[in-house]
Amino acid sequence: KKAGISGSFDAAVQCHMDTIGFDEKCSICWVKDEICARKNCVFIYLQAVIINHVFKFAVSPNAITSATCEEAMCEMEFVPCS
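Rules used in this analysis
Residues numbered from 1 in each chain as written. Predicted model: local features only at pLDDT ≥ 70, side-chain atom pairs only at ≥ 80, totals over all residues. Heavy atoms only, no water. Helix = DSSP H or I, 4+ residues; strand = E, 2+ residues; numbered from the N terminus. Buried < 20%, exposed > 50% of the residue type's maximum accessible area, 1.4 Å probe, protein only. Contact = heavy atoms within 4.5 Å. Axes fitted to C-alpha atoms, helices over the stretch in contact; angles between N-to-C directions. Parallel < 35°, antiparallel > 145°, perpendicular 65-115°, else oblique. Left-handed = near helix turned anticlockwise from the far one by under 90°. Phe/Tyr/Trp six-rings, centres within 6.5 Å; stacked < 30°, edge-to-face > 60°. Core = buried A, V, L, I, M, F, W, Y, C linked by side-chain atoms within 4.5 Å. Bend = angle between axes of the 7 residues up to and from the residue.

Draft legend 1. Structural detail: the overall build of the protein chain. Within the protein chain, the regular secondary structure consists of three helices and zero strands. Ordered by position from N to C terminus, the α and β elements of the protein chain give α-α-α. Looking at the 82 residues of the protein chain, the share that counts as buried comes to 22%. For the protein chain, contacts bridging at least 24 residues in sequence account for 50% of all contacts bridging at least 6.

Draft legend 2. Structural view of the packing of helix H2 (residues 24–55) against helix H3 (residues 66–81). Between H2 and H3, the least distance of the axes is 8 Å, while the angle of their chain directions is 155°. As the angle between them shows, H2 and H3 are arranged roughly antiparallel. The handedness of the crossing between H2 and H3 is right-handed. Where H2 abuts H3, its residues Lys 25, Cys 29, Trp 30, Asp 33, Cys 36, Ala 37, Asn 40, Cys 41, Ile 44 and Tyr 45 lie against Ser 66, Cys 69, Glu 70, Met 73, Cys 74, Glu 75, Phe 78 and Cys 81.

Draft legend 3. How the structure looks around the environment of Arg 38. Residue placement: Arg 38 occurs in helix H2. A relative accessible area of 34% places Arg 38 in the partly exposed class. Through-space distance from the C-alpha of Arg 38 to that of Ser 66 is 9.3 Å; in sequence the pair is 28 residues apart.

Draft legend 4. The packing of aromatic side chains, seen in detail. Considering all chains together, one arrives at two aromatic pairs under this definition. Plain terms: the ring middles of Phe 22 and Trp 30 are 5.9 Å apart, the flat faces sit at 25° to each other, and that makes the pair stacked. Among the aromatic residues, those joined into a ring-pair cluster are Phe 22, Trp 30 and Phe 78.

Draft legend 5. Summary view of the nonpolar core. Counting five residues, the largest nonpolar core consists of Phe 9, Ala 12, Val 13, Val 31 and Ile 35. Elements with a minimum of two residues in this core: helix H1 (9–19) and H2. Residue contributions to this core peak at three residues, all from H1.

Draft legend 6. Representation of the environment of Phe 78. Along the chain, Phe 78 turns up in helix H3. When near neighbours in sequence (up to four residues on either side) are disregarded, Phe 78 contacts Cys 29, Trp 30 and Asp 33.

Draft legend 7. Structural view of H3. Of all bends in H3, the biggest is about 75°, found at Cys 74. Within H3, burial applies to Cys 69, Glu 70, Cys 74 and Phe 78. Elements in contact with the buried residues of H3: H2.

Next up, the structure:
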C-alpha cells in the first residue's frame, strides 16, 4: 500500500476512523483520494499559497485551485468509492 499523507496508508486510515468517525471502507476511500490529490495537485496548492501570501490574491469562481484539480484528477475514482 502507498503511504498516506503523514505516514503509512494504514495509519492515515486509522486516523480518519479515530478523529472523524468514518468506518474503515469510507476511510480507505478518503485516503486514496487524498493520495491522488497530493500526487496530482500539490504544485497548484503551493502556487496558490505563495501567490496569496505575496499578493493577497482573491480566488475567482473560475480559477483553477487545488480543489478543482482534485475534482478533475481524482473524483472519477472517489465518487463510486464513497
